[in-house]
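The lines below spell out each chain.
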Amino acid sequence: MVSRGVFYVVTAILLLTGLLLIAYQHLTFGVPFVPGEQREVWSVEAKIEFDPQGNTPAIVNFALPAIQPGFTQLKQSTSSLGFGIDYIKRHGLNYVEWTKRNAIGAQILYYQADFLVDASAYASSMTVPEIEESVEPEPYATAMKEVENAARSRSADANSFTAQVIRELNQENETSTLLTKEYNRARLLVHILEMAQIPARLIRVLDLEDGRRNRQLSEKVVVFNGTSYTIFDPKTGVSGLAPNQLIWTDNGYSMLDVTGGRNARVSFSTLCNKISAVEAGALKTNVKRIAGDESVSFSISSLPIEEQSLFKSILLLPIGVLIVVFLRIIVGVKTSGTFMPVLIAMAFLETSLVVGLIGFVAIVGAGLIVRSWLSHLNLLLVARISAVIITVIIIIGAISVFTYKLGLTEGLKVTFFPMIILAWTIERMSILWEEEGYKEVLKQGSGSLFVAISAYLAMNSVFVQHFTFNFLGLQLVLLSLVLLMGNYTGFRLTEMKRFKPLVDQIKANRNGDEKEQEAKRLYTELKEVKHDPHQAYRNWKNKVNDQLKEEKDNNSQDGETK
Amino acid sequence: MSLLTKLISLPKRYANPFTMVQDGIMGMNQRNVNYIGRYNRRDLFPLVDNKLLTKRIAIEHNVNTPVLIGSIKSQQDIQNIFDIIGANTEFCIKPAHGSGGKGILVIKDKNAATGNYVKSSGLDITKHELNRHVTNILAGLFSLGGKPDFALIETLIHFDDVFSGFSYDGVPDTRVIVFQGFPVMCMMRLSTSASDGKANLHQGAVGVGICIRTGKAVRAVQYNQPVEYHPDTDRKLSELRVPQWDEVLKLAASCYDMSGLGYIGTDIVLDRDKGPMLLELNARPGLAIQICNNAGLLPRLRLIEALPKRQRFSVEQRVEFAKEHFGVFSPDK
């Protein structure tokens, strides 16, 4: 026998592992605890148009969206008639490259990507830029210096400096007008920051709004402070990104390069889809798996769809089993057949409760009548069970046909009942009827139905289905619970009723010549024994031996007198 | 509103579990995990479930049981059945794996004129019918789970006359719970018309708790409620006293050495001439015995568990120990 300590350690390990797995899936993949939670998926489509230049081959390079916190890219696709496409890396960055030898007329290319709004995404492709020493022509260099000096005196660090520069540039004075006329706002800001030895970079951001077309990227400036960075709007000076802003390019390189074409322009359309959080989790897992990370998920969603639906019901079974264990060990409900109620409950899941109940009672009732006739025939067991199985099938067939003719298609669902199990149930109940009478049959029958209905209600709950299907760790938790209950030595609920008369009697009466309640007396003796077992043992042995001797003497005396 | 009244009446219908613990009442889970699971080795169960094996080890250990006339293990053996029976006119045929008294055929006599046997009910049974009964036993009609079985032919027990009037049309047997060789608690099960001659307590048989020290009746219950008189014969149940009590206890206690099972129920019958005899053993004895004895099993079991060197006790010492600690009546002077 394994010691109790080992047992509890194993159970605790199982429980902890299960809970950790659940937590892992919840935190890493955002699988929600409650069903029906929704996640946003943004479909972004970039439309690239250009006019080809004569007969030169056309090559279009388009920067792929950046990896950024708050979004996980789920998939990407391109659509472009007659173009060869390739995903390439340039300067360590991802581009999609379209190529065509002879392009005639206006060309349109599409790139589409789906982004999951994902609070648990932290990865970023942003890097700290090198500071470029660019030499600006006069008088702009002096003007920039002027702005820089003005901002420096009113600021404390990189961020406040940036804010001050933007404020300076927004002022309606000579210097700012000179600069803003010549330079693009964002580039100007980057130049001034670089002059002040602050790493900064221009990035392009897309505002995500549902059902918008022909959107352009807006330019922002990232200001680095060590490895952390802050994003500024170069016009308004507002820092940070709104939650619906997607960074498209986060590096200094160009977004779109077209060789062999003119008038290249890109526009974006955005669309928001709501999908269930579970689906989102599955899609996310898929992305990680494609990326070569096999250990990503302990979820059934990583299986093919066909196997998934099979597992959906298999994974529910432990819930029903747990309920059977609870009702039998803790409550003490009598059922006929240990796990028959769970299988009946599984059938109820297919048929719906009312139809299932009517079907079950009808089949078992009819089966019992037939079985009582079979018992007169003195058949051997295997033949008898087989006869009952065939009878059950005939009854199921009859019920299906009959209800169908009446126009009740619900009746067809009785075929979901496990026939072999039903046959055994009928056999067991009929033996019970003969041996213990109909009362016991009703008791166990209703007990079984009660357990089946409880199991059905648990397994039918959307929450339970969601939880069992999405968190494999739950199975370990269930296992540890079952193990714990298997170790329960306390009273069953029904025993509290069964022994009620006994408790009352013990309270009210002493047995025979007893002066003290037996339990009390024995427990005091037990205490003495535990206090000094060996002394107690010696005392008793002597006493017992004396008594035996005395008895022997008495017997021999009796013998003499006779 | 009705829920509230139900809640208020709860203590009237359900016992307080803490009181139950105080009284040392043993529940099903406790029995299964801490006693059967811990003290009864799984591989020894067949000794108890198969009556032929029980009988074999009983004979090996000189434990008194009804004499085995013969056993029938296969269909071919049935041809020899009347050779095996021979001149016996009082015997019973029972399945080796039977339960609850099913399939037991009791023959009292042989009709010299027709050659037919006479059943306990007084009806004749032809040799052909007897053959068919044995065939049914072999086919597993009476065994647990319908598994193929053997038939045992044993000599008949002549019940002691002291029990007349205490039982209605059935076998009065004495059930002693034996823990680690110590007789712990005892009861007699008396069949009634309600129990249909069977000794099953939940079918309406009367259970009489027996004092371990003296063999006297402690109290009697039917359907969990105390009764004073046998419902069919109106005999005063408190007058019941098992004769040859020491022999009964010794027989029960020796079943531990014989079977190796730590927690068993021994069913013992008293033969008029041969004294106490072991009828069968039960490796999963029920808990109703506590109700008949108006006492919980746990204090008795725990006392024995705390006892050091208990394995060295002889049968007599164990019986003495039990009599000293688990008795209810003072010993006779």
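The rules behind these values
- Residues numbered from 1 in each chain as written.
- Chains lettered and ligands numbered in written order.
- Predicted model: local features only at pLDDT ≥ 70, side-chain atom pairs only at ≥ 80, totals over all residues.
- Heavy atoms only, no water.
- Salt bridge = Lys/Arg side-chain N within 4 Å of Asp/Glu carboxyl O.
- Buried < 20%, exposed > 50% of the residue type's maximum accessible area, 1.4 Å probe, protein only.
- Pairing = 2+ DSSP bridges.
- Helix = DSSP H or I, 4+ residues; strand = E, 2+ residues; numbered from the N terminus.
- Axes fitted to C-alpha atoms, helices over the stretch in contact; angles between N-to-C directions.
- Contact = heavy atoms within 4.5 Å.
- Domains from an automatic or database assignment.
- Core = buried A, V, L, I, M, F, W, Y, C linked by side-chain atoms within 4.5 Å.
- Buried area = accessible area lost by both parts, 1.4 Å probe.
- Polar contact = N/O pair within 3.5 Å; in protein donor to acceptor, adjacent residues only side chain to side chain.
- Nonpolar A, V, L, I, M, F, W, Y, C, P; charged D, E, K, R; others polar.

All names here are of chain A. In this structure the tally under the stated criterion is 26 salt bridges over all chains. Its salt-bridge partner being Arg-215, residue Glu-209 comes within 2.7 Å of it at the nearest N-O pair. A relative accessible area of 26% places Glu-209 in the partly exposed class. Judged by its relative accessible area of 22%, Arg-215 is partly exposed. The shortest N-O distance in the salt bridge between Arg-521 and Glu-525 comes to 3.5 Å.

What follows deals with the sheet that holds strand E10 (residues 228-232) of chain A. Strand pairing in a sheet takes place through backbone hydrogen bonds and is either antiparallel or parallel in direction. Residues and elements named next belong to chain A. Taken in spatial order, the 4 strands line up as E10-E9-E7-E11 in an open sheet, and their pairing is antiparallel. Only two strands of the sheet have a single neighbouring strand rather than two, namely E10 and strand E11 (245-249). Averaged over neighbouring strand pairs, the angle between their axes works out to 40° when direction is ignored. Those strands touched by helix H5 (residues 185-195) are strand E7 (200-207) and strand E9 (218-225), and its axis lies near 150° from that of E7.

To continue, consider the domain arrangement of chain B. Here chain B is described as being made up of domain 1 (20-48 + 161-326) and domain 2 (67-155). On a C-alpha basis, the centroid separation for the pair domain 1 of chain B and domain 2 of chain B is 29 Å.

A few words now on the environment of Asn214(A). Residues and elements named next belong to chain A. Inspection of the secondary structure assignment puts Asn-214 in strand E8 (residues 212-215). Sequence-wise, Asn-214 and Glu-45 are 169 residues apart; in three dimensions their C-alpha atoms are separated by 9.8 Å. Non-local contacts of Asn-214, meaning those with residues more than four positions away in its chain, are made with Ser-267 and Phe-268.

In terms of nonpolar packing, the biggest core is built from 87 residues, with Val208(B), Tyr263(B), Leu301(B) and Phe321(B) touching the most fellow members. Looking at which element gives the most residues to this core, the answer is helix H8 (residues 245-259) of chain B, with 9 residues. Setting aside its immediate chain neighbours within four residues, Phe321(B) contacts Trp540(A), Val544(A), Phe182(B), Leu303(B), Ile304(B), Leu307(B), Phe313(B) and Phe326(B). Among the nonpolar cores identified, the runner-up in size contains 54 residues, and Val31(A), Leu316(A), Val325(A) and Val477(A) belong to it.

Right, let's talk about the interface of chain A and chain B for a bit. If you look at the interface, chain A gives 55 residues, while chain B gives 67 residues. Taken over both partners, the interface formed by chain A and chain B buries close to 5,500 Å², and the fraction arising from carbon and sulfur atoms is 58%. At the boundary of chain A and chain B, one finds 1 salt bridge. Between Glu518(A) and Arg300(B) there is a salt bridge, and its shortest N-O distance comes to 2.5 Å. For the interface between chain A and chain B, the tally reads 12 residue pairs in polar contact (both at pLDDT 80 or more). Contributing elements (two or more residues each) for the side of chain A that touches chain B: helix H11 (381-405), helix H12 (419-436), helix H16 (493-498), helix H17 (500-508), helix H18 (518-531) and helix H19 (533-561) of chain A. Sort the elements by how many residues they give to the side of chain A that touches chain B and H19(A) lands first, with 11 residues. Of the residues assigned to the side of chain A that touches chain B, the class counts are 24 nonpolar, 12 polar and 19 charged.

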